[in-house]
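The chain contents come next:
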Amino acid sequence: MRWYICSLSIILIIGFKKPGFTAPTFVEDIAPIIYQNCIQCHHEGGIAPFSLMTYEEVSKRSRQITEVVESGFMPPWMPDSELTPALIGERFLSKEEIELLRNWHEESAPEGSSATPLTPPSITDEWQGGSPDLILEFPEPYILQEEGIDVYRNFVIPISVDEKRYVRRLELIPNTKLAIHHALITIDTTKRSRLQDSLDAGPGYEGMGIGSAEFPSGHFIGWTPGQVPYESYPGTSWAIEPDSDLVIQLHMLPTGKPEVISPQIGLYFSDEPPTQLSMTLQMRDFDIDIPAGEQNYWIKESMKIPVDVRAVGIYPHAHYLAKEMNIFVTMPDGNEKTLIYIPEWDFNWQSDYRYIEPITLPAGSQLNMHYRYDNSDENVFNPNYPAKRVVGGWKSTDEMGEVVVQVLVDSDQDLQLLQQSQIDYDMEAAGGDANYNYNIGIYLEQQGELQRALSFYLKATELDESFASAYYNVADIYRKLGDLHFALKYFNEALAVRQDFGMAEFEIAKIEFELGKTQGSVARLKSLIERYPDDLNIHLALARVLRHQDLISDAYALLMNKEIVFDKSAEFQIELAQIEIEKSIYQSAENRLNSILETNDSDKSTPGYLDITETLKAAALSELAQIFHSRDNLNEALNYIDGALEREPLQSSLYIRRLAILRSLEDTAEFSHTLIQLVSLSAQLGMHYQSILEELDSLEEKQTLASAYAQINDFEWAFKTADEIIKSGIYSEEALQPLKLKRREYLLESL
Amino acid sequence: MKYKLKYLPAFLAYCVISMSIFAEASIALYDSMTADQQSSDSKATVYIFTAPDCPIANRFSPYIRSLESEYSSKGIRFFLVYSNPKITEQKVNIHRKDYHLDIPAILDVDRDFARTAGASVTPECVVYVPSNNGQSRLVYRGRISNLYEDFGKWRHAHTEENLKSILDQILKGVAVPFSSTKAIGCYIF
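Small disclaimer: the values here were computed from a predicted structure and weren't measured.

Let's shift gears to the overall build of chain B. The helix and strand inventory of chain B stands at six helices and eleven strands. When burial is assessed residue by residue, chain B has 53% of its 189 residues classed as buried. Here the analysis covers contacts within chain B between residues at least 6 apart in sequence; of these, 74% occur between residues at least 24 apart. A total accessible area of about 8300 Å² is found for chain B, and carbon and sulfur atoms account for 52% of it.

Time to look at the confidence of the model for chain B. Residues and elements named next belong to chain B. In this model, chain B carries a mean pLDDT of 82, and residues with pLDDT of at least 70 account for 80%. In this model residues 1–23 is a low-confidence stretch, pLDDT under 50, and it forms 47 contacts with partners more than four residues away in sequence or in other chains. For residues 32–39, every residue scores under 50 in pLDDT, and the model assigns this stretch 17 contacts once sequence neighbours within four places are set aside. Scoring the predicted complex yields pTM 0.69 and, for the interface, ipTM 0.77.

Here we take up the interface of chain B and chain A. Chain B puts 24 residues into the contact, and the matching count from chain A is 29 residues. Between chain B and chain A lies a buried interface of about 2600 Å² when both sides are counted; carbon and sulfur atoms form 58% of it. It is Trp154, His156 and Tyr187 of chain B in chain B that bury the most area against chain A; as a group they hold 29% of the surface buried on that side. There are five salt bridges connecting chain B and chain A. Residue Glu146 of chain A pairs with Arg65 of chain B through a salt bridge whose shortest N-O separation is 2.9 Å.

This part covers the sheet that holds strand E7 (residues 222–223) of chain A. Residues and elements named next belong to chain A. A sheet is described by the order of its strands in space; here five strands give the open sequence E6-E3-E10-E5-E7, paired in antiparallel fashion. Edge positions in the sheet fall to strand E6 (205–206) and E7, since each has one partner strand and no second. The pairing of strand E5 (residues 180–188) with E7 spans two bridges and is antiparallel. Each residue of the ladder has a partner; that of Leu184, found in E7, is Gly222.

Here the focus is the sheet that holds strand E15 (residues 297–305) of chain A. Residues and elements named next belong to chain A. Spatially, E15-E20-E17-E18 is the arrangement adopted by the four strands of the open sheet, whose pairing is antiparallel. In the strand order of this sheet, the two ends are held by E15 and strand E18 (336–342), each with one partner. Mean inter-strand twist for the sheet, computed between neighbouring axes without regard to direction, equals 15 degrees. Sheet topology note: the E15/strand E20 (residues 365–373) ladder contains nine bridges and is antiparallel. Residue pairing in the sheet places Ile299 in a bridge with Tyr371 of E20.

The subject of this paragraph is the layout of surface pockets. All names here are of chain A. Size it by volume and the second largest pocket reaches roughly 870 Å³. Looking at the second largest pocket, it is lined by 31 residues, and the ones nearest its centre are Ser71, Gly72, Phe73, Trp77 and Met78. Sorting the residues of the lining of the second largest pocket by element identifies helix H4 (62–71) and helix H5 (95–106) as the ones contributing at least two each. Its residues assigned to classes, the lining of the second largest pocket shows 16 nonpolar, five polar and ten charged. For the lining of the second largest pocket, the domains that each give at least three residues are domain 1 (22–125) and domain 3 (295–430).

Residue Tyr385 of chain A is joined to Pro386 of chain A through a cis peptide bond whose omega torsion reads -5 degrees. Structurally, Pro386 of chain A is set in the loop between E20 and strand E21 (390–391). Looking along the chain, the bond that leaves Thr122 of chain B and enters Pro123 of chain B is cis, with omega of 0 degrees. As for its position among the elements, Pro123 of chain B is in the loop between strand E5 (121–122) and strand E6 (124–130). One non-glycine residue with positive phi stands out, namely Ala109 of chain A, at about 50 degrees.

In this section: empty space enclosed by the protein. Take a probe with the size of a water molecule and roll it over the atoms, and the empty space left behind shows itself. Tallied over the full model, the rule gives three cavities of 30 Å³ or more. Size it by volume and the largest cavity reaches roughly 560 Å³. Taken together, 32 residues make up the lining of the largest cavity; nearest its centre are His42, Pro49, Phe50, Phe73 and Met74 of chain A. Mapped onto the lining of the largest cavity, the elements with two or more residues apiece are H4 of chain A together with helix H2 (55–59) of chain B. If you tally residues by element for the lining of the largest cavity, the top one is H4 of chain A, at four residues. Classifying every residue of the lining of the largest cavity gives 23 nonpolar, six polar and three charged. A domain split of the lining of the largest cavity shows at least three residues from each of domain 1 (22–125) and domain 2 (134–270) of chain A.

With that settled, consider H5 of chain A. Owing to its 3.6 residues per turn, the α-helix brings residues three or four apart onto one side. All names here are of chain A. The end-to-end C-alpha distance of H5 is 17 Å, a good match for the 16 Å that twelve residues give at a rise of 1.5 Å each. Where H5 is buried, its residues touch helix H2 (26–37), helix H3 (55–59) and H4. Of the residues flanking the end of H5, it is Ser108, one or two places downstream, whose phi is positive at about 65 degrees.

What follows covers the nonpolar core. Counting residues in each nonpolar core, the largest one holds 86 residues, and the members touching the most others are Ile314, Ile327, Leu339, Leu367, Tyr373, Val407 and Leu418 of chain A. By residue number, the principal contributor to this core is helix H10 (residues 468–480) of chain A, which donates eight residues. Split by domain, this core shows at least three residues from each of two domains, domain 1 (22–125) and domain 3 (295–430) of chain A. Leave out the neighbours within four places in its chain, and Leu418 of chain A touches Met279, Leu281, Ile305, Pro306, Val307, Val309, Val407 and Val409 of chain A. In terms of nonpolar packing, the next biggest core, distinct from the first, is built from 48 residues, Val68 of chain A together with Ile76, Ile87 and Cys125 of chain B among them.

A word on the confidence of the model for chain A. Residues at a pLDDT of 70 or more form 93% of chain A, whose mean pLDDT is 87. Predicted confidence for residues 1–19 of chain A stays below pLDDT 50, and this span has five contacts to residues more than four positions away or in other chains.

Turning our attention to the environment of Gln264 of chain A. Residue and element names in this part refer to chain A. Structurally, the position occupied by Gln264 is in strand E12 (residues 264–270). Residues in contact with Gln264, not counting those within four places in the same chain, are Trp127, Ile135, Leu136, Glu137, Glu171, Leu172, Ile173 and Asn175. Side-chain polar atoms of Gln264 contact the side chain of Asn175, separated by 3.4 Å.

Bringing the pairing of E6 of chain B into the picture now. Residue and element names in this part refer to chain B. Among the seven residues that make up E6, six are buried, leaving the element largely enclosed by the rest of the structure. Both strand E2 (residues 44–49) and E6 contribute to a ladder of five bridges, which runs antiparallel. For Val46, the partnering residue across the bridge sits in E6 and is Val127. Here E6 pairs with strand E7 (residues 136–142) via six bridges, running antiparallel. Following the sheet pairing, Pro130 is matched in E7 by Ser136.

Looking now at the packing of aromatic side chains. All names here are of chain A. Under the definition given, this model contains 31 aromatic pairs over all chains. One Lys or Arg, Lys300, reaches over the ring of Trp298 and ends 5.5 Å from the middle of that ring. For the cation-ring pair, Arg498 lies above Phe501, with the distance from its terminal atom to the ring centre recorded as 4.1 Å.

The rules behind these values
- Residues numbered from 1 in each chain as written.
- Chains lettered and ligands numbered in written order.
- Predicted model: local features only at pLDDT ≥ 70, side-chain atom pairs only at ≥ 80, totals over all residues.
- Heavy atoms only, no water.
- Helix = DSSP H or I, 4+ residues; strand = E, 2+ residues; numbered from the N terminus.
- Buried < 20%, exposed > 50% of the residue type's maximum accessible area, 1.4 Å probe, protein only.
- Contact = heavy atoms within 4.5 Å.
- Areas by Shrake-Rupley, 256 points an atom, 1.4 Å probe, with all protein chains shown as cover.
- pLDDT = per-residue confidence, 0-100.
- Buried area = accessible area lost by both parts, 1.4 Å probe.
- Salt bridge = Lys/Arg side-chain N within 4 Å of Asp/Glu carboxyl O.
- Pairing = 2+ DSSP bridges.
- Axes fitted to C-alpha atoms, helices over the stretch in contact; angles between N-to-C directions.
- 1 Å grid on protein atoms, 1.4 Å probe; cavity = no way out; pocket = protein on both sides within 12 Å on 5 of 7 lines; lining within 4 Å.
- Points joined across faces, edges and corners; volume = space filled by probe spheres on them.
- Nonpolar A, V, L, I, M, F, W, Y, C, P; charged D, E, K, R; others polar.
- Domains from an automatic or database assignment.
- Expected span 1.5 Å × (residues − 1).
- Core = buried A, V, L, I, M, F, W, Y, C linked by side-chain atoms within 4.5 Å.
- Polar contact = N/O pair within 3.5 Å; in protein donor to acceptor, adjacent residues only side chain to side chain.
- Phe/Tyr/Trp six-rings, centres within 6.5 Å; stacked < 30°, edge-to-face > 60°.
- Lys NZ or Arg CZ within 6 Å of the ring centre and 35° of its normal.

Shown next, in the form of structure tokens:
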């Protein structure tokens, strides 16, 4: 025993008295720590407020550095690295490193010398993955105010791709120090974010909700300063479609002076579509209700995992009051495994995390989320002073408790089971919360499950009778399902509960027109134009209604009046060109249409039309075909219409126009060929028997239609056409003979 | 507190003159101030220690500006103090321009002022009032407000405006005893 104590004291002497102790020096001890852990952010032009590259820069802050590493504030990293499985880009200092920093500071931060001169590693603020395949930028920069705490804003950037592409990597260059703290990257295919953007002054729109935008299916993508750039798990690239928008939500922190915000987003494409199924599991608690002063408010959520999955990423999320987060799995054998543990949550450093090795969750596990909140005055991050009751919601002063886990799934069947488990969780969790029901509706709608989405939206309107967007979405689904009367009813409900709901009123005007209530529609559109004088879509809609009423000159005057305002819109130019064609102002129409075809969207240096798409180019070609047709230049007309069809092979009006040109050319063989194409695509084109028949002029053409149907073995419609012809009384027996025989065969067979 | 703020009035005179000549607020070297301490026409003088590369100090800029515009018309003078061996007039001007701080500045290159006033971080403020014996008396040293509780721990909005409440007391004419608080920020030494 004596011996033991004795040896211990020797150790103590060695450890603390440090005989022969030499003070740590910058070149030998400190620089390696700083270069390894700090300079990714702390370099000239980096996102941290000052550089820590040179001896001078580090030594003058030695005291503050010691304090921030001891408190754990720097390097910024919230997850507990002992309990949490290894994460990509993990940042933490060992106890020894922290002690070295303290000793160095206490010994007056000596520089020391070394035989080889110290060369700091080079750090780039450029793209880390080489030059991206597509760089997206803000249409115009946003100016962040100088004062205040948090600003949340969503920016809508059109994605200019000609065809579906798969994204494997995404980088963000903030182009500003300090101001951008966090970004969420989502995709909107509905154009609703654009509308929302246009209703809010300045670039982007305010708020923490992302509206109709969504994470790409099966993924979540965030960005935080200094994070290792996002790279999708091998085999799980995600698709972007032409004509969709990237909606980026920025959490910004004013710095004391106005900041110009205009980050760049670089997308890296993969040639391969995803080969690995993935899905995001989400749990959230919207029933949060924390009394003022409560320091230990817990939420606990759990979800069954019915199949084997592997977790590759995790995004825990709460607002300011959360303190402690534990997300863990209960294995079928009862053992627990931590997915992430955050002992001291700080909203300002929220991030998404990816595992170095996927974590296996066997079938029969349970995913758990336990969060603790502190709603007392002790919590510095408490947005309310004095503390007051806080409930769940989307505003930053509301509270949230949510986790998204990205998992890999082995088979389609497993994926379905997992989706069902997610829906079961949602149904149970939604209970009596209007917002929650609404959000599930959005989720289901995005999955294409319209009927189920409808029932959640309707539930939301029952729970909250003034829920304007829920009524709007109900209406929107009814419209998609083809029930215009119900659509109209619910758009009206939306407008009734929110009088200034311009989008709802616009939809009402469009449906009124479709239902033949033209006068009402015109009046509504005119009053909308008074309120939204620079809205393109309302102008186009009114022009179309006026044209329908044969008020061509009124439509012409309406658009000409706005020619300067909308001069960057290809859609506008086409509408105007169509009107000019109707008024026989061919030359001007031709110029407009050619200018659209000349716009090269990949060439950013010539400012062309902002909304240019293949569909609009096809429309321009089709109108040019019309012009040449009316000039009797039929071959040229045919060339143009074929150019249009090449770009837009699923547009029925293009086939009709082609038929008309062929009719003038008297090319019956090609006419019949086009008709066969039309009927074989009729389901995709949304053009059916009656509407095709209406486009046909003569008995011969109707006979051609009958044989076209017969050609594709669609005898039901072939016979129907034949009946139609027979009813008219004049027909050629010869032409119909084969059909009659066929019908006999058919009837016999079915007997 | 041994230190007597003996150069103050001459320094003020310098500022007033230079302010009337240049639109920009003045800069003076701390060393260049020479004069006695007999009189001061202001009710109090606030020195705010700041630094161009200190994010915490910078976040306070709009608030400093609003305090200055509210209280300078009530007879209280404001100065920014840059205590840093590497500071230059040019750096100060760029900083004040970036953060719209149209307030006279003192270049405390040797950090003597910081040492004597007892300021150790940026942002930190010291407040002097003229006293009966004609000398200046330090009544407050510390944080501007409690916006920051620690590095990385800042409130949504301050709940205690320390500097402002000291100035309000001074303006009320009540006797203000010396008090101090701990300021959070970037170290001067």
